[in-house]
Amino acid sequence: RINITIFKLWWDIFVDECYQYGINFEYERSKKGHCMKNKTVLISAGGTGGHIVPALVLCEEFMEKGWHVVFVGNKDSLEEKMITVRHIQFLGIDVQKLYRNWTFQHVKFPVKLIKSVVTSYQIIKLYQPKIVVGTGGFVCGPVGLAAIFARVPLFLQEQNSFPGITTRFLGR
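Everything quoted here is computed from the prediction, not taken from an experiment.

1. Comments concerning the pattern of salt bridges
Consideration 1: The final tally for this structure, using the stated rule, is 1 salt bridge.
Consideration 2: Where Lys112 meets Asp94, a salt bridge forms, and the shortest distance between an N and an O atom there is 3.5 Å. In this pair, Lys112 sits in helix α4 (residues 109-127) while Asp94 sits in the loop between β3 (89-93) and α4, placing the two residues 18 residues apart along the sequence.
Consideration 3: Since its relative accessible area comes to 31%, Asp94 is described here as partly exposed.

Structure below.
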């Protein structure tokens, strides 16, 4: 019950923030008064269950409100398994974690980062989401950067007491 209460409190704050961008979750209309067809939200999370599970709760809440949810995560990963089992649309990008200690994997990091930002940007342009939500993990970096470049409102949700590298970077 505590987790549900905290989530409901967070959801209320989140909805209030969206109103500032002109996004109404309960009843969204265009200028002509017709119901808008594109109520799409792009959600990104990855790495661990601690980032993925809050994203799943958000997916369910958005779908309950009538939104189309597109989840972007790392290919062949834990998030892909957890999302596809729940029949949520999943799109995979090829992104690499930035290790805190130097490894040979760092040589591939810049190329994979640029490629994953471009892929994320193409996904955003294709689905034209109203908002992009990141709940943490290294996969949120390219998606968040692409949202900034595409001028789509980006919301970050951090459930840890100290934000990770990606969340701190995108929060600036």
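After presenting the structure, the write-up continues.
2. Some points on unusual backbone geometry
Leaving glycine aside, a negative phi is the common case for residues, and trans is the common case for peptide bonds.
Consideration 1: Its identity as a non-glycine residue notwithstanding, Asp76 has a phi of 50 degrees, on the positive side.
Consideration 2: Here Asp76 is to be found in the loop between β2 (68-74) and α3 (78-85).
Consideration 3: Judged by its relative accessible area of 72%, Asp76 falls in the exposed class.
Consideration 4: Positioned with a positive phi, His87 is a non-glycine residue whose angle comes to about 60 degrees.
Consideration 5: Tracing the chain through its elements places His87 in the loop between α3 and β3.

Scoring rules and cut-offs
Residues numbered from 1 in each chain as written. Predicted model: local features only at pLDDT ≥ 70, side-chain atom pairs only at ≥ 80, totals over all residues. Heavy atoms only, no water. Salt bridge = Lys/Arg side-chain N within 4 Å of Asp/Glu carboxyl O. Helix = DSSP H or I, 4+ residues; strand = E, 2+ residues; numbered from the N terminus. Buried < 20%, exposed > 50% of the residue type's maximum accessible area, 1.4 Å probe, protein only.

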